Amino acid sequence: PKPRGDALFNEDLIPSSVEPPSEIRVRALHPNDQDDYLKLLEQLTSVGYVSKHDFEQRFLSMKNADTYFIVVLEDVATSKIVGAASLVVEFKYIHECGLRGRIEDVVVDEAMRGKKLGVLLNKILVEMARELGVYKLSLECKTELIPFYTKFGYKENINFMVQRF
Ligand code: 16G
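Residues numbered from 1 in each chain as written. Predicted model: local features only at pLDDT ≥ 70, side-chain atom pairs only at ≥ 80, totals over all residues. Heavy atoms only, no water.

A. A look at the site of the ligand. The environment of the ligand is made up of Thr45, Glu104, Asp105, Val106, Glu140, Tyr149 and Arg164. In this structure, an oxygen atom belonging to the ligand sits 2.5 Å away from a side-chain N or O atom of Thr45. Considered on its own, the ligand offers 450 Å² of accessible surface; in the complex 70% of this is hidden by protein. In terms of residue count, the dominant contributor to the shell around the ligand is strand β4 (residues 99–108) (3 residues). (Near = heavy atom within 4 Å. Polar contact = N/O pair within 3.5 Å; in protein donor to acceptor, adjacent residues only side chain to side chain. Areas by Shrake-Rupley, 256 points an atom, 1.4 Å probe, with all protein chains shown as cover. Helix = DSSP H or I, 4+ residues; strand = E, 2+ residues; numbered from the N terminus.)

Encoded structure:
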C-alpha cells in the first residue's frame, strides 16, 4: 500500500486495535518532523549534524524503499513528538522469500516517561510486523531493558555480534 501525501508510510497500517491515550495521536513520520524527531533521538544516542537537505534525502530514500515504518506519538496539546519507534523490514530469499522485521530507535521523551508510551509503541509495531507477515522480529537493547521487551514476546538470544567503525 502506497502512503498518502507526505507520510513516510500508509497510515492505514497503524492498527486501530491498540488505543492511545486521548492526549496522544499516533501517526507516521513526516518530512517536517525533522527538528522534533532528531531532538528526541538525541535522548537515545548520538545524532550529530543533519542538514535539512540530508534529512529530506534520507526521508525520501526510506519512503521509496517502502520498508521503513517510523511511528511517532504526537502530543495533541502541543503538537510535539513525544515518542517514536521504527519497524524496518528486510527482504529475504529464505523462508519462501520471507520478510524479517527489526525494531529500532525506540525512544520516549524524558518528560513523558511513566505513561506507558513505550508499551504503546511496542504493541503497535509488533502488530504491524505481524500484519506485514514477517517470520521473525528482533531488536537490540541494553541489559536492563530485557524485562521490558520480554513483555512483547521477545526471548533472549545471546549470539549477537557487533563491530563498530
Ligand atoms: C538501541 C536501539 C537501537 C538503536 C541503538 C543506538 C531499540 C530497541 N534499540 O540499541 O535501535 O539504533 O540503541 O545505539 O530501540 P548506538 O548509537 O550505540 O548504535
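Once the structure has been displayed, the description carries forward.
B. Focus on unusual backbone geometry. Positive phi values are uncommon outside glycine, yet Cys97 reaches one of about 55°. You can see Cys97 is positioned in helix α3 (residues 94–97). One non-glycine residue with positive phi stands out, namely Lys116, at about 65°. By the secondary structure assignment, Lys116 is in the loop between β4 and α4 (117–132). Judged by its relative accessible area of 61%, Lys116 falls in the exposed class. (Buried < 20%, exposed > 50% of the residue type's maximum accessible area, 1.4 Å probe, protein only.)

C. Highlighting the environment of Val134. Mapped onto the elements, Val134 comes out in the loop between α4 and β5 (136–138). Judged by relative accessible area, which is 16%, Val134 ranks as buried. For the pair Val134 and Gly98, spaced 36 residues apart in sequence, the C-alpha separation works out to 6.8 Å. In this view, Val134 contacts Val89, Leu99, Arg100, Gly101 and Ala129; residues no more than four positions away in its chain are not counted. (Contact = heavy atoms within 4.5 Å.)

D. Inspection of α4 at higher detail. Taking 1.5 Å of rise per residue, the 16 residues of α4 would be expected to cover 22 Å, and the 23 Å separating its terminal C-alpha atoms lies within 8% of that figure. Every buried residue belonging to α4 is among Leu117, Gly118, Val119, Leu120, Leu121, Asn122, Ile124, Leu125, Val126, Met128 and Ala129, and all of these are buried. Taken together, the buried residues of α4 touch β1 (24–28), β2 (68–75), β3 (80–91), β4, β5 and α5 (146–150). Downstream of α4 by one or two residues, Gly133 has phi in the positive range, about 85°. (Expected span 1.5 Å × (residues − 1).)

E. Just the pattern of salt bridges, in detail. Across all of its chains, the model carries 7 salt bridges by this definition. For Arg25, the salt bridge is made with Glu74, and the minimal N-O distance between the two is 3.6 Å. Residue Arg25 is located in strand β1, and its partner Glu74 is located in strand β2; the two are separated by 49 residues in the primary sequence. The class for Arg25 is partly exposed, based on a relative accessible area of 43%. Across the pair Glu74 and Arg27 runs a salt bridge, and its minimum N-O distance is 2.5 Å. Remark: Arg27 occurs in strand β1 and Glu74 occurs in strand β2; sequence separation between them is 47 residues. Residues participating in the shared-partner salt-bridge network are Arg25, Arg27, Asp33 and Glu74. (Salt bridge = Lys/Arg side-chain N within 4 Å of Asp/Glu carboxyl O.)

F. Representation of the pairing of β3. The buried fraction of β3 is high, at 9 of 12 residues. Where β2 and β3 come together, 8 bridges link them in antiparallel fashion. Residue pairing across strands places Val71 opposite Ala85, the latter belonging to β3. Hairpin connection of β2 to β3: 4 residues between the antiparallel strands, including Ser79 at a positive phi of 60°. As judged from the 8 bridges shared by β3 and β4, these two strands associate in the antiparallel manner. Its bridge partner being in β4, Leu87 is matched across the sheet by Ile103. (Pairing = 2+ DSSP bridges.)

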